[in-house]
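Notes for the structure review
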Amino acid sequence: MKKNCLEIVRQKCESCNGCALAKSRNNVVFSDGNPSTAKIVLIGEAPGEMEDECGRPFVGRAGQLLNEFLADAGISRDEDLYIINTVKCRPPENRVPTDEEKSACHKFLVAQIDIIKPQAIILCGATALKSFVELDKKQTISKVRGKWMNIMVDGVEYKAMTIFHPSYLLRNHSMEEGSPRRLMQQDLSEIKNTIFPDKIIDENRELVML
Ligand code: URA
């Protein structure tokens, strides 16, 4: 059922010319993950070069790093997540999508969330956060990340947490206490413990109990 509804949205998205990004795209990057089992929607910023080439979100270096952090936390990318971006087409030179581009694409994002009805939404970085929440100047990602909040999507309230974008972590290698990578581990672990309290993972990342 969810798959059928998403297929209709995908078809509309694939023929969309709602903003200038449509002209330069090779592929619409619609989603990844299993809509039937996903309890969490993870929202990134925008497709990069590799995503545009293969039509799947988070497959480049940032995506590989994200996969590592997810696996460490015991969150399955393929089963637990439905992964999307604020825009479905690659912005040239990987620039941040403009407000117009995000607005043109927002209906697809909302439709995907409406269909999945996740237990939680992970907002990956500032662009995803700002698609749902107006930030005042004092609210930086460092202050907002790691805290559960409620966001409204099409009149429905969802539990959401902002985490660092993995591209930021590619530039920050430290694993010291309080470093961005350590905070990312903490945030994903909090998400896993809240949404999958019965899932126990051993040190080899194997699922030992559900
Ligand atoms: N790849 C994506 O699909 N989204 C991002 O935000 C970054 C890389």
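See above for the structure.
Heads up: these notes are all about the structure in this document. (Residues numbered from 1 in each chain as written. Predicted model: local features only at pLDDT ≥ 70, side-chain atom pairs only at ≥ 80, totals over all residues. Heavy atoms only, no water.)

Turning next to the overall build of the protein chain. From N to C terminus, the protein chain includes nine helices and eight strands. Over its C-alpha atoms the protein chain spans a radius of gyration of 16 Å, differing by no more than 12% from the 17 Å that the globule rule assigns to 210 residues. Along the first, second and third principal axes, the C-alpha set of the protein chain runs to 45 × 40 × 35 Å. Per-residue burial for the protein chain yields a buried fraction of 49% across its 210 residues. Taking the contacts inside the protein chain whose residues are at least 6 apart along the sequence as the reference set, 68% of them involve residues at least 24 apart. (Helix = DSSP H or I, 4+ residues; strand = E, 2+ residues; numbered from the N terminus. Rg over C-alpha atoms; globule rule 2.2 N^0.38 Å. Buried < 20%, exposed > 50% of the residue type's maximum accessible area, 1.4 Å probe, protein only. Contact = heavy atoms within 4.5 Å.)

Take the sheet that holds strand β4 (residues 120-124) next. Reading across from one edge, β1-β3-β2-β4-β6-β5 is the order of the six strands in this open sheet, with mixed pairing throughout. Single-partner strands in this sheet number two, and they are β1 (32-33) and β5 (148-153). Where strand β2 (residues 40-44) and β4 come together, four bridges link them in parallel fashion. Residue pairing in the sheet places Ile40 in a bridge with Ala120 of β4. Lying over the sheet, helix α5 (residues 99-116) contacts β2, β3 (81-85), β4, β5 and β6 (156-163), oriented at roughly 170 degrees with respect to β3. (Pairing = 2+ DSSP bridges. Axes fitted to C-alpha atoms, helices over the stretch in contact; angles between N-to-C directions.)

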